[in-house]
Amino acid sequence: MKNEFKSKKTSIRKRLIDIVSFDYKKNGEWNEKEFEITGISEQSYDIKPGNIFFAVKGNMKHGANYILEAIENGAKLAISDKEGVEIISKINKNFFTLEVEDVRKSISISASNWFENQPKNIVAVTGTNGKTSVSHFVLQIWENMSLKAASIGTLGVQGYIEKETNLTTPDTIEFHRILEELFQEGIENVVFEASSHGISQSRIDGVKISVAAFTNLSRDHLDYHKNELDYFVSKAKLFYNILPENSNSIVNIDNDYGEIIKLICEEKSQKVISIGNQIGSDLKVLSIKPLETKQLVKFSFKGKKYVETLNLVGEFQVYNALMSALIVISQGYDDKKVFSELKRLKNVPGRMEFVGRKKTGGSVYVDFAHTPDALFEALKALKSHSFGNLFVLFGAGGERDVGKRTMMGKVAYENSDRVFITDDNPRNEDPKFIRTSIIRSCPNAIEIPDRAEAILRAIKELEEGDILLIAGKGHEIGQ
């Protein structure tokens, strides 16, 4: 992968506007001596000589407080909001700053101008559940069609190039750097997971998206969003504010939120392909026959009927796979050819992934389900493949949405035969309190704090025909 790009030898006086193309107010002294702008960063510790430093207000502290570190590392000017500029002027009144109304938006504009190139076809996938699976399935279909492609999301950068990332939707500057790197490698097709955080924080505002997909929406991230409506509005912004007119949108309309997204897309003159069981859906699932480790699926698309075998478990994975096919079809590829690729799809790491079977009987699956709706769908999926008892093992993250804990306990209690409650990223919160919150609505649960011990105990109790779902962590290997 090409990590270095040619530095823009830009005079700050003459061509700053080429990079920072937004309204601003100038503060501090203007250095008459011209210098090169060598890069942009929102991390003071990552500043290199000649960089522009974007000081962003964080949850705990304003980035402007780190201006001395940025200056020491070679920052030539800072861009911040009114509060940030005031902080900087108190620390160093002569340092040149630009005041903007929306710093995050300014970063997006600057990043898209600095990293000038992006792959030709960029697909954004949003929704509460299914983003990772849909994105990975799209990548697999592209690769099976011999196209150079990549995906960006929870699993990092995957495909023709592989690279770790620290967020589902990377920070703005890192995201644009990755897109430039992919372009330099000749990759034309990229799919990425658009999280509500990434959308609301303007991380993807400068990305040239040609296709966007909406999987579903249910309770999640209410530690960050004010309520479910605010959460939905963040998702919807992708379609009404970022996706250009006449672009393609793929929408699951089997819930009210999907119906609203469809209306938004139509209002924006976007070409909508819908999936669901509603009247008027472009793609309808007619039947799903679960087999031991696969499913036989019959569906119709614009009047034509198809039958395909998927090597995936779970009804929701059927919808994820079909949505991925529609994304590729929306790019102009033949529907029959794309649908024929479904039988070649492989499980995504940590997403309804079969990990083993005991010699004495009993199967184990791992899934990333960490919301009430996702847990329900995962249990529902495995129930149809179980000939014995269904076990589930899970916990809930600390310092996150506390309201979903009892809801998840209720889902487990009502949809499984045996429940094991353990820890799942308690962070700085009391793990016992988290577990108690879950057990409140799941009185028959077995409480085992140590996750490794809980997994061993659950597997030990599996008998012939039983299935154990280990939920919450998915592909993650640390706690």
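Definitions and cut-offs
- Residues numbered from 1 in each chain as written.
- Predicted model: local features only at pLDDT ≥ 70, side-chain atom pairs only at ≥ 80, totals over all residues.
- Heavy atoms only, no water.
- Helix = DSSP H or I, 4+ residues; strand = E, 2+ residues; numbered from the N terminus.
- Rg over C-alpha atoms; globule rule 2.2 N^0.38 Å.
- Buried < 20%, exposed > 50% of the residue type's maximum accessible area, 1.4 Å probe, protein only.
- Contact = heavy atoms within 4.5 Å.
- Areas by Shrake-Rupley, 256 points an atom, 1.4 Å probe, with all protein chains shown as cover.
- Salt bridge = Lys/Arg side-chain N within 4 Å of Asp/Glu carboxyl O.
- Patch = residues over 30% accessible without salt bridge, like charges linked within 9 Å, V, L, I, M, F, W, Y side chains within 5 Å.
- Pairing = 2+ DSSP bridges.
- Core = buried A, V, L, I, M, F, W, Y, C linked by side-chain atoms within 4.5 Å.
- Axes fitted to C-alpha atoms, helices over the stretch in contact; angles between N-to-C directions.
- Parallel < 35°, antiparallel > 145°, perpendicular 65-115°, else oblique.
- Left-handed = near helix turned anticlockwise from the far one by under 90°.
- pLDDT = per-residue confidence, 0-100.

Assigned secondary structure in the protein chain consists of 15 helices and 21 strands. Its C-alpha radius of gyration of 24 Å places the protein chain within 12% of the 23 Å reference for a compact globule of 479 residues. With respect to the three principal axes, the spread of C-alpha positions in the protein chain is 80 × 55 × 40 Å. Counting across all 479 residues of the protein chain, residues that qualify as buried make up 55%. Long-range contacts, defined as pairs at least 24 residues apart, comprise 67% of the intrachain contacts of the protein chain with a sequence gap of at least 6. On the protein chain, roughly 21400 Å² of surface is accessible, and the fraction owed to carbon and sulfur atoms is 47%.

On to the pattern of salt bridges. This structure, assessed with the given rule, holds 19 salt bridges. With a shortest N-O distance of 3.1 Å, E341 and R344 are connected by a salt bridge. Notably, a salt bridge pairs E429 with R405, separated by 2.9 Å at the nearest N-O pair. Of this pair, E429 sits in the loop between β19 (418–421) and α14 (431–439) while R405 is found in helix α13 (residues 404–415), placing the two residues 24 residues apart along the sequence. Like E429, the residue R405 is buried in the burial classification. Taken together, the shared-partner salt bridges in this structure form one network comprising K163, E174, R177 and E181.

So, on to a nonpolar patch on the surface. Together, L229, V233 and Y240 give the surface a local cluster of nonpolar side chains, amounting to about 270 Å² of exposed area. Checked against the element boundaries, V233 lands in helix α8 (residues 228–242).

Attention now goes to the pairing of strand β8 (residues 156–159). Summarising the sheet, strand β7 (residues 149–153) and β8 pair through four bridges and their orientation is antiparallel. In the sheet register, G153 faces β8, and the bridge partner there is G156. Between β7 and β8, which pair antiparallel in sequence order, lie two residues.

All right, on to the nonpolar core then. Within the largest apolar cluster, 40 residues are counted, with the highest numbers of intra-cluster contacts made by L283, L326, I327, F339 and L342. F339 has contacts with L283, F299, F301, Y306, E308, A325, L326 and I329, leaving out every residue within four places of it along the chain.

Next up on the list: the pairing of strand β10 (residues 211–214). Along β10, one buried face is formed by V211 and A213 and the opposite face, lined by A212 and F214, is buried too. In this sheet, β10 lies alongside strand β6 (residues 121–126) in parallel orientation, the contact comprising four bridges. Within the sheet, the bridge partner assigned to T126 lies in β10 and is F214. Looking at chain direction, β10 and strand β11 (residues 248–252) are connected through four bridges and run parallel. Following the sheet pairing, V211 is matched in β11 by N248.

One open sheet accounts for six strands, arranged β16-β17-β21-β18-β19-β20; its pairing is mixed. In the strand order of this sheet, the two ends are held by β16 (353–357) and β20 (446–447), each with one partner. Bridging between strand β18 (residues 390–394) and β19 involves four bridges; their strand directions are parallel. Of the residues in β19, the one forming a bridge with F391 is R418.

Attention now moves to the environment of D230. If you trace the backbone, D230 turns up in helix α8. Taking the C-alpha atoms as reference points, D230 and S196, separated by 34 residues in sequence, lie 9.8 Å from one another.

Direction vectors running N to C along helix α12 (residues 372–383) and α13 enclose 15°, while the axes themselves pass 9 Å from each other. If you check the angle between α12 and α13, you find them roughly parallel. Of the two elements, α12 crosses α13, and the hand of that crossing is right-handed. Touching P372, L375, F376 and L379 of α12 are K404, M407, M408, V411, A412 and N415, all from α13.

Scored by pLDDT, the protein chain has a mean of 89; 91% of the residues are at 70 or more. Mean pLDDT across the secondary structure elements of the protein chain bottoms out at helix α1 (residues 12–19), with 48, and peaks at β10, with 98. Predicted confidence for residues 1–15 stays below pLDDT 50, and this span has 35 contacts to residues more than four positions away or in other chains.

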